[in-house]
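Structural overview for review
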Amino acid sequence: MASPNTTFTELVSTTFRKHRKDIKDNLSNRNALLKYIMKRGNYLKEDGGLTIVTPLDYTSNSTYQRYSDWDVLDISQSDVISAAEYQWRQISLSVVASGRELRINSGESRIINLAKARIKNAIRTFNNSFSSDLYSAGSLTNQVNGLQAIVADTNTNTVGGIDANTWTFWQNTVTDASVLSVTPSATTIENGLMLPCWLALDRGPDDQPDLIVADSNYYAFYEGSQTSLKRYASSDSASGGFVTLKYKNADVLYDGNSGIPTNHMYMLNTNYLQLVVHQDADMAIMDDMRPLNQDGSVTPILWMGNLTCSNRKLQGVIIA
């Protein structure tokens, strides 16, 4: 007869391996940023490397030249940076049960219920914490780069090993209401703030923001501005279950429960945002571990990766 420890571990392992895709789908269904990254096919798996190297996607080669016949061609080396380098960040989550809990719940139905409860708690914890990480400044120890780092309020920060104070092409676009002398409201949000930001980011129909995420204040301002002409995208469309408003060709979503900072609206071109994960640590479940000097079962679940960007210039933030 299998011990409670063995049964519990097998239930946890089997459940996670069988429903790993569902777990990631549940996470993306509550985080608009992650949903659009996955929709773009930008949830990427790597098989190794000391760091995550992301080729940059911008134009600044000075040797573009019009010439005729035997004109001398410009072959000078362009002073450009070709790639950003992001650190691997690791997340661990453990499904734990003490020996006492395992023996109390050693009956078949009880052990199944215990495993389900612990798995449900682990999934909820990962969803909430990782969602907040994606909007963070990445300032906590070992935290992934969040949107507040990649699309920063102060855009001269260092991201991916590139100092934007030195390399201005690496500065994201900031539309500051205080600089424009605009008080954010339903009457000013669209023409006073969103339009200037959009114009700075628009590179034509194939290269413009496709996702606008806002906190509750800025989303309410925008919805209030659309009283007589609201355009909704269907909840079963490409937005993946989110009910969205439209601004030009972009979906506008309230993502306030995902960790977005107060009084912020992000205009994102998700073509250039990638969530890179190591193929061996994509919610990978490890073998059961049992402490030498304690009575219990510990099953770690591991994730390793980072949020990366290949063109910060085409990402924008609106702040007060």
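Presented here is an overview of the structure given in this document. (Residues numbered from 1 in each chain as written. Predicted model: local features only at pLDDT ≥ 70, side-chain atom pairs only at ≥ 80, totals over all residues. Heavy atoms only, no water.)

Observations regarding the sheet that holds strand 4 (residues 89–98)
How we decide: Whether two strands pair comes down to DSSP finding at least two bridges between them. In this text, helices come from DSSP runs of H or I with a minimum length of four residues, and strands from runs of E with a minimum of two, each type numbered from the N-terminal end. Helix axes use the C-alpha atoms of the stretch in contact, all axes being lines fitted to C-alpha atoms, and the angles between their N-to-C directions lie in the range 0 to 180 degrees. Here a residue-residue contact requires only that any non-hydrogen atoms of the pair lie within 4.5 Å.
The mixed open sheet is built from 4 strands, whose spatial order is 1-13-14-4. Looking at strand neighbours, the two that pair on one side only are strand 1 (43–46) and strand 4, the edges of this open sheet. Within this sheet the neighbouring strands show an average axis-to-axis angle of 30°, counted without direction. Relative to strand 14 (residues 296–309), strand 13 (residues 273–285) is paired through 8 bridges, and the arrangement is antiparallel. Across the sheet, the residue bridging to Asp282 is Trp303, located in strand 14. Its contacts with the sheet put helix 3 (residues 32–39) on strand 1, strand 13 and strand 14, and the angle it makes with strand 13 is roughly 95°. Contacting strand 4, strand 13 and strand 14, helix 5 (residues 108–134) runs over the sheet at an angle of about 155° to strand 4.

A look at the packing of aromatic side chains
Definition in use: Geometry of aromatic contacts follows a simple scheme: Phe, Tyr and Trp rings, the Trp one being its six-membered ring, pair when their centres are within 6.5 Å, and the pair is stacked under 30 degrees between planes, edge-to-face over 60, tilted otherwise. Any residue under 20% of the maximum accessible area for its type is buried, any over 50% is exposed, and the rest in between are partly exposed; the area is computed with a 1.4 Å probe on protein chains only.
Enumeration according to the criterion identifies 9 aromatic pairs in this entry. Judged by centre distance (5.7 Å) and plane angle (80°), the ring pair of Trp198 and Tyr247 falls under edge-to-face. Note that Trp198 is positioned in helix 7 (residues 189–201) and Tyr247 in strand 10 (residues 244–247), a separation of 49 residues in sequence. Exposure remark for Trp198: the relative accessible area of 2% places this residue in the buried category.

Description of the pattern of salt bridges
Condition: One speaks of a salt bridge when a side-chain nitrogen belonging to Lys or Arg is within 4 Å of a carboxyl oxygen belonging to Asp or Glu.
Using the criterion set out here, one finds 5 salt bridges in the structure. Among the ionic pairs, Asp282 bridges to Lys45, the shortest N-O distance being 3.4 Å. On the criterion of sequence distance, the pair formed by Asp282 in strand 13 and Lys45 in strand 1 is long-range, its members being 237 residues apart.

Some points on unusual backbone geometry
One non-glycine residue, Lys248, adopts positive backbone phi at about 55°. On the secondary structure map, Lys248 appears in the loop between strand 10 and strand 11 (250–254). Of the residues examined, Lys248 reaches a relative accessible area of 38% and is grouped as partly exposed. Residues other than glycine seldom take positive phi values, yet Asn263 does so here, at roughly 55°. Following the sequence through the fold, Asn263 ends up in the loop between strand 11 and strand 12 (264–268).

With respect to a nonpolar patch on the surface
Inclusion rule: Residues forming no salt bridge and having over 30% relative accessible area are the ones grouped into patches, like charges within 9 Å of each other and nonpolar side chains (Val, Leu, Ile, Met, Phe, Trp, Tyr) within 5 Å. Surface exposure here means Shrake-Rupley accessible area, sampled with a 1.4 Å probe, where a residue is shielded only by the protein chains that are shown.
Taken together, Tyr67, Leu73 and Ile75 make up a surface patch of nonpolar side chains, about 380 Å² in accessible area. By the element assignment, Ile75 lies in the loop between strand 2 (52–55) and strand 3 (83–86). Taking relative accessible area as the criterion, Ile75 reaches 77% and is therefore assigned exposed.

Some details on helix 5
Counting along an α-helix, one turn takes 3.6 residues, and residues three or four places apart therefore face a common direction. In plain terms, the rule: Under the convention used throughout, the expected extent of a helix is 1.5 Å for every residue step, that is, one less than its residue count.
In this model, helix 5 (27 residues) spans 39 Å end to end at C-alpha, consistent with the 39 Å of a helix rising 1.5 Å per residue. Turning to helix 5, its buried residues number three or more, namely Ile111, Leu114, Ala115, Ile119, Ala122, Ile123, Phe126, Asn127, Phe130, Ser131, Asp133 and Leu134.

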